[in-house]
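Single-letter residue listing:
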Amino acid sequence: LPTAAPGATPVRALTIAGSDSGGGAGIQADMRTFALLGLHACVAVTAVTVQNTLGVNGFQAIDPPVVADQVRTVVTDIGVSAAKTGMLANSAIITSVTQVCTELGIGGDGGIPLVVDPVCASMHGDQLLATEALDALRQLLIPIATVVTPNLDEVRLITGIEVVDAASQRDAARALRDLGARWAVVKGGHLRTSSHSPDLLYDGETFLEFDHERIDTGHDHGAGDTLAAATAAALAHGWSVPDALEFAKGWVTRGLQAAYPLGAGHGPVNPLW
Ligand code: PLP
């Protein structure tokens, strides 16, 4: 992506997400990707997780009006060219985020691009979104998404579709589009049967497949966040959704190739090199 000259104001993007105290996923991953790509990262914190490489031991959700105020305060002053959501914890935060995004022209038809990464659980299975919040995700936030980027577990929770092959992956993409997202990505990275991890992108008319070699590493913490953040970064530069996703796939692939061990559990993707 193009970078600003030293001293010039860079392109800005906003992440609305949870903090990972282990520094691998969540806001920390988003900020790393935005910064490495030459963007200025604005941050609205939704939750503070207590987390290391072994898992999430708990979290404190932020008061919904405080989440919305963070978004409003930075967007009205600093201005952003794209936004992404990650961990949103509960339905009250989803409601608040949807309202403030709508108020500020983020997402929807012709709005500032909004990437919705519908984070439901960590890779260890720790719940990061209350079950009661799935309806709010379906009815409020996904309908204003420019692009929604669930993994296969999230697809099952949101649409009820178990993706096992290319046909069910298409069904899931249709179901996500039916919820109102302008573009739906059904990530294939968790299709364990496949030696590749094709992501399927759908805009209601055309299916586009993004196939990258599967990188099997025990260290892929934050891969989903990094994909969504890199997508948002490219959208902030005015790229189309297919071009942004292609770029983001390459970015995550490099991050997986350079992922490193950390602690006693799963290390993070490392898009530095
Ligand atoms: N913690 C936070 C705050 C996150 O946003 C996420 C993922 O989106 C995770 C943890 C889980 O990341 P992973 O599934 O890579 O373990």
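Check the entry above for the structure.
Model, not experiment: these values are computed from the prediction. (Residues numbered from 1 in each chain as written. Predicted model: local features only at pLDDT ≥ 70, side-chain atom pairs only at ≥ 80, totals over all residues.)

K.L.:
Any chance you could explain the pairing of strand β9 (residues 207-210) here in plain terms?
P.N.:
Here 4 bridges tie strand β8 (residues 199-202) to β9, and the two strands are oriented antiparallel to one another. From the neighbouring strand, L201 faces β9, where its bridge partner is L208. The antiparallel pairing of β8 with β9 creates a hairpin that spans 4 residues between the two strands, and G204 there sits at a positive phi of about 95°. (Pairing = 2+ DSSP bridges. Helix = DSSP H or I, 4+ residues; strand = E, 2+ residues; numbered from the N terminus.)

K.L.:
What am I meant to see in helix α5 (residues 152-159) here?
P.N.:
Think of an α-helix as 3.6 residues a turn; residues three or four steps apart then line up on the same face. Within α5 the residues assigned to the buried category are L152, E154, V155, I158 and T159. One side of α5 carries all its buried residues, which in axial view fall inside an arc of 155°. On its buried side, α5 packs onto α4 (134-141), α6 (166-178) and β7 (183-186). One or two steps after α5, the chain reaches G160, where phi turns positive at roughly 80°. (Buried ≥ 20, exposed ≤ 12 C-beta atoms within 10 Å, placed from the backbone. Arc of directions from axis to C-beta. Contact = placed C-beta atoms within 7 Å.)

K.L.:
Help me understand the nonpolar core, please; the structure alone is not making it clear to me.
P.N.:
A general feature of soluble globular proteins is that nonpolar side chains tend to end up buried together. The biggest cluster of nonpolar side chains holds 86 residues, and the ones touching the most others in it are A13, A83, V97, L141, A232 and A233. For this core, the element with the most residues is helix α7 (residues 223-236), which contributes 10 residues. Filtering out sequence-adjacent residues up to four positions away, A233 remains in contact with L1, A13, T33, F34, L37 and L39. (Core = buried A, V, L, I, M, F, W, Y, C linked by C-beta atoms within 7 Å.)

K.L.:
I'm lost on helix α1 (residues 26-36) in this one. Help?
P.N.:
The element α1 is largely enclosed, with a buried count of 8 among its 11 residues. Directly beyond the C-terminal end of α1, a positive phi value near 85° is found at G38.

K.L.:
Honestly, the pairing of strand β4 (residues 82-85) in this entry has me stumped. Any pointers?
P.N.:
Regular strands place their side chains on alternate faces of the sheet. Residues A82 and K84 of β4 are buried on one face, and the alternating residues A83 and T85, pointing to the opposite face, are buried as well. Two elements, strand β1 (residues 12-20) and β4, share 4 bridges in a ladder whose sense is parallel. Each residue of the ladder has a partner; that of I16, found in β4, is T85. Relative to strand β5 (residues 114-116), β4 runs parallel, the two sharing 3 bridges. Across the sheet, the residue bridging to T85 is V116, located in β5. In this fold, β4 hands off to helix α3 (residues 91-104), which returns the chain to β5; that crossover is right-handed. (Right-handed = clockwise from strand over helix to strand, strands pointing away.)

K.L.:
I'm lost on the packing of α7 against helix α8 (residues 241-257) in this one. Help?
P.N.:
When two helices pack together, their arrangement is given by the angle between the helix axes and the distance between those axes. Interaxial distance between α7 and α8 falls to 8 Å at its minimum, and their mutual angle equals 140°. In terms of orientation, α7 and α8 fall into the oblique class. Taken as a pair, α7 and α8 cross one another with a handedness that is right-handed. Here A223, T226, L227, A230, T231, A234 and L235 of α7 come into contact with α8, specifically with D243, A244, L245, F247, A248, W251, V252, G255 and L256. (Axes fitted to C-alpha atoms, helices over the stretch in contact; angles between N-to-C directions. Parallel < 35°, antiparallel > 145°, perpendicular 65-115°, else oblique. Left-handed = near helix turned anticlockwise from the far one by under 90°.)

K.L.:
In this structure, what is going on with the site of the ligand? I would like to understand it.
P.N.:
Taken together, 18 residues form the shell around the ligand, and within it G18, A25, G26, S122 and M123 come nearest. If you list the elements that add at least two residues to the shell around the ligand, you get β1, β2 (40-52) and α7. Broken down by class, the residue content of the shell around the ligand amounts to 7 nonpolar, 9 polar and 2 charged. (Near = placed C-beta within 6 Å. Nonpolar A, V, L, I, M, F, W, Y, C, P; charged D, E, K, R; others polar.)

K.L.:
How do you make sense of the packing of α3 against α4 when you look at a structure like this?
P.N.:
Taken N-terminus to C-terminus, the directions of α3 and α4 make an angle of 10°; their axes are 9 Å apart at the nearest point. When the interaxial angle is binned, α3 and α4 end up roughly parallel. Here S91, I94, T95, V97 and T98 of α3 come into contact with α4, specifically with A136, L137, L140 and L141. Class assignment of the residues belonging to the contact of α3 with α4 gives a composition of 6 nonpolar, 3 polar and no charged.

K.L.:
Just checking my understanding: could you explain the sheet that holds β1 for this structure?
P.N.:
Pairing between the strands of a sheet comes from backbone hydrogen bonds, and it takes one of two forms, parallel or antiparallel. The strand order across the open sheet formed by 9 strands is β3-β2-β1-β4-β5-β6-β7-β8-β9, and the pairing between neighbours is mixed. Sheet topology places β3 (55-61) and β9 at the edges, where each strand pairs with a single neighbour. Here strand β6 (residues 147-148) pairs with β7 via 2 bridges, running parallel. Each residue of the ladder has a partner; that of V147, found in β7, is W183. Sheet contacts for α1: β1, β2 and β4; angle to β1, the most-contacted strand, approximately 150°.

K.L.:
How should the environment of A229 be read in this particular structure?
P.N.:
Tracing the backbone through its elements, the reader meets A229 in helix α7. The exposure class assigned to A229 is buried, which follows from the 34 C-beta atoms found within 10 Å. Considering only alpha carbons, one finds A229 and K84, 145 residues apart in sequence, at a separation of 6.7 Å.

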